[in-house]
Amino acid sequence: MNCTRRIPLRYYSTASLSTYHFNQRIGYLKNGSGATKVDDALQLFDEMLQRKPSPSIIKFTRLISVIVKEKQYSTALMLLKQMKLMGIPANIYTINISINCHCRLDQVDYGFALLATILKQGHQPDLATYNTLINGLVLADRVFEAVELFKKLLREKVCEPDQITFGTVINGLCKAGHTSKALELLRFMESVSCKCKPDVEHYNAVIDSLCKDRMVDRALELFAMMTQKGVIASVITYNSLIHGLCNFGRETEAAQMLRDMEEEGVSPGVDTFTILVDSFCKKGSVKDAELAVQAMVRRGLHPNVITYSALIDGYCLRGEIDEAEKVIDRMMERDIVPNIITYSRLIDGYCKKKRIHKAWLLFQEFQDKGLIPDVITYNSMLQGLFESGNPAAARELFNKMQAKGLAPDICTNRILLHGMCKNSQCSDALALFRSLESKELMEDVGLYNILIDGCSKCGKRNLAMDLFDELCLKGLKPDVRTYTVMISVYCQDGLFVKGKKLLRKMEENGCLPNRVTYNVLVRELLKKNECEEAEIYLEEMINRGFMPDHATFENLLPRIPNVGKDSRLRTIILKLTS
């Protein structure tokens, strides 16, 4: 229940309003909340315009700031325009508000036009003006322009950048993926020549970016240096580092860091424990994840929908769908409403366990509750329908997905093509591929791999060869799977010379054959009784550290001569089994 006291606006007549009353009402609006906050501010603005003499520009600025904080940028600009029409003179503060609104509306060029207006009117832009413009450039993904403006402030000594200026540029560089540049700027802040010293937020931005760039050890080094300089780490610092360590499978170090932060007097939050829970679940250690949940509850923290969704995913990955259902029950007991992520993970779990009917019922159920399935949910359902041998239902669902305006992603298209090929619908899969309008999709090697493999398994080897030639003519780089499938295609067609040449060509192109590649080639050679050739590649395969798989062994054993006869093949097998 909202207990914020609202003063009835009708209580005040225009004639009796005083400066005190204006200040009081603006204060209530500033500190209050509620659906009518903006409407109340607009009503007060109208009353202030009618007041004679007009209230000071400071009061108008305070009131418009309330509207800006509600992210009603267009409304704020409209009010500033009304003030201008009423002859209320603008000052540097109102112009800064206007610049900020334009920047937030992705109109940073208008912001720079207003900077020119400030100079023409004889006003002196202040640091807030430049901070707003730098932030506007960052918001518009024009980070290097923001850096150039920042450098200009320093070079021409226009004004002394503060922590906000440095923080905006560092954040912008990190978000644009230029972590090394952000680190350089942080080092500059640490230097003697810079008056503005970094605080924990500056370090947090760079530490988080280093972790996302998979440079967690450098992040740990920066963290150590930060603490040596007396900067106290926050929960955000530790969360970034714990997340970074977990992404590298270093959960033991992450758990130790959680203990360290508590020793330093920094209380872990729900997000901290959820990071650990999610990591343990992805690793398959659901027991450890449950222990992490118990630890957070002992500290008085309550698992949220994200925590429980991670647990559900963990159980589903292990195939323990009944345990995942129990997690849903726990959520309900605590009045935590499952979201689309929760349902998507459970649906994926049902599909992987071939319980497609249960998945479909859940898919319908959460839509009845008002939740809208996303691409990930559809992908799980599509894959489940294809794998259960129901391609017609899968394609019908895909059509419904498109009819609802939901654009398929790369995974959707891979699922569709793979499902259609697996269900002997290669021609339809190729037609769908040809209908794709996205250049990115038409040049996806993964989609070509699916089609080439599918055509091969459907007995359309010539079509598979044509697709491979098309891929190469487009200048795309085949990967190890592409080469492996094509070696199999050539060998199945009796084109062993081409298959062997392709094995050498892939290495020349910097793509090393793997265990599957060798097994495919050896197996196909054995099937055609090309035993001497098979022996050569089998030996090469073993020398490279790859072992024959079960299918290759099945083809090898009947071809080993009886005891007493010389056999290179027997010698190779004895080496493997000794």
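Since the structure is predicted, the reported quantities are computational estimates derived from the model, not experimental observations.

1. Things to note about the overall build of the protein
Working step 1: Counting its secondary structure elements, the protein contains 33 helices and 0 strands.
Working step 2: Expected size for 578 residues packed as a compact globule is a radius of gyration near 25 Å; at 33 Å, the protein overshoots this value by more than 25%.
Working step 3: In terms of principal-axis extent, the alpha carbons of the protein reach across some 115 × 60 × 55 Å.
Working step 4: Of all 578 residues assigned to the protein, the portion counted as buried reaches 47%.
Working step 5: Taken as a whole, the protein presents about 30,200 Å² of accessible surface, with 53% of it coming from carbon and sulfur.
Working step 6: Between the mean site of the 76 positive side-chain charges and the mean site of the 70 negative ones, the protein shows a separation of 3 Å.

2. Remarks on the confidence of the model for the protein
Working step 1: Model confidence for the protein is summarised by a mean pLDDT of 89, while 93% of its residues fall at 70 or above.
Working step 2: Below a pLDDT of 50 lies the segment residues 1-17, which in the model reaches 27 contacts outside its immediate sequence neighbourhood of four places, other chains included.

3. Some details on the layout of surface pockets
Working step 1: What the largest pocket holds in volume is close to 480 Å³.
Working step 2: Forming the walls of the largest pocket are 17 residues, and the residues nearest its centre are K84, A90, I95, S98 and L114.
Working step 3: Going through the elements one at a time, helix 4 (73-85), helix 5 (92-104) and helix 6 (108-120) are the ones with two or more residues in the lining of the largest pocket.
Working step 4: Top contributing element to the lining of the largest pocket by residue count: helix 4, with 5 residues.

4. Observations concerning helix 5
Working step 1: With 13 residues, helix 5 extends 18 Å between its outermost C-alpha atoms, agreeing within 8% with the 18 Å of an ideal straight helix rising 1.5 Å per residue.
Working step 2: Of all 13 residues that make up helix 5, 11 are buried, and the element is covered over most of its length.
Working step 3: Contacts made by the buried residues of helix 5 are with helix 3 (57-69), helix 4, helix 6 and helix 7 (127-139).
Working step 4: Structurally, the start of helix 5 carries an N-cap: the backbone nitrogen of Y93 is 3.0 Å from a side-chain oxygen of N91.
Working step 5: Trailing helix 5 by a residue or two, D106 shows a phi angle of about 60°, which is positive.

5. What to know about the environment of V480
Working step 1: Summarising the element assignment, V480 is placed in helix 28 (residues 480-492).
Working step 2: Residue class for V480 comes out partly exposed when judged on its relative accessible area of 24%.
Working step 3: Ignoring sequence-local partners within four residues, the contact set of V480 consists of M506, C511, L512, P513, N514 and T517.

6. Overview of the packing of aromatic side chains
Working step 1: Within the structure shown, the criterion is met by 11 aromatic pairs.
Working step 2: Ring-pair connections join several aromatic residues into one group, and the members of that group are Y343, W360, F363, F366 and Y378.
Working step 3: Taking the ring centre of F248 as reference, the NZ or CZ of R214 above it sits at 4.5 Å.

7. Overview of unusual backbone geometry
Working step 1: In the Ramachandran plot, R214 falls in the positive-phi region, its phi being about 65° despite a non-glycine side chain.
Working step 2: The exposed category is assigned to R214, whose relative accessible area is 54%.
Working step 3: Although it is not a glycine, D335 adopts a positive phi angle of roughly 60°.
Working step 4: Here D335 is to be found in the loop between helix 18 (321-333) and helix 19 (340-352).

8. Details of the pattern of salt bridges
Working step 1: A complete count under the given rule lists 34 salt bridges for this structure.
Working step 2: As a salt-bridge pair, E387 and K354 come within 3.5 Å of each other at their nearest N and O atoms. With E387 in helix 21 (residues 375-387) and K354 in the loop between helix 19 and helix 20 (356-368), this pair connects stretches of sequence that are 33 residues apart.
Working step 3: The class of K354 is exposed, set by a relative accessible area of 55%.
Working step 4: Here E507 ties to R544 by a salt bridge, and the two come within 2.9 Å at their closest N and O atoms. In this pair, E507 sits in helix 29 (residues 496-508) while R544 sits in the loop between helix 31 (531-543) and helix 32 (550-556), placing the two residues 37 residues apart along the sequence.
Working step 5: Given the relative accessible area of 37%, R544 is considered partly exposed.

Rules used throughout
Residues numbered from 1 in each chain as written. Predicted model: local features only at pLDDT ≥ 70, side-chain atom pairs only at ≥ 80, totals over all residues. Heavy atoms only, no water. Helix = DSSP H or I, 4+ residues; strand = E, 2+ residues; numbered from the N terminus. Rg over C-alpha atoms; globule rule 2.2 N^0.38 Å. Buried < 20%, exposed > 50% of the residue type's maximum accessible area, 1.4 Å probe, protein only. Areas by Shrake-Rupley, 256 points an atom, 1.4 Å probe, with all protein chains shown as cover. Lys, Arg positive; Asp, Glu negative; His and termini not counted. Charge placed at Lys NZ, Arg CZ, Asp CG, Glu CD. pLDDT = per-residue confidence, 0-100. Contact = heavy atoms within 4.5 Å. 1 Å grid on protein atoms, 1.4 Å probe; cavity = no way out; pocket = protein on both sides within 12 Å on 5 of 7 lines; lining within 4 Å. Points joined across faces, edges and corners; volume = space filled by probe spheres on them. Expected span 1.5 Å × (residues − 1). Polar contact = N/O pair within 3.5 Å; in protein donor to acceptor, adjacent residues only side chain to side chain. Phe/Tyr/Trp six-rings, centres within 6.5 Å; stacked < 30°, edge-to-face > 60°. Lys NZ or Arg CZ within 6 Å of the ring centre and 35° of its normal. Salt bridge = Lys/Arg side-chain N within 4 Å of Asp/Glu carboxyl O.

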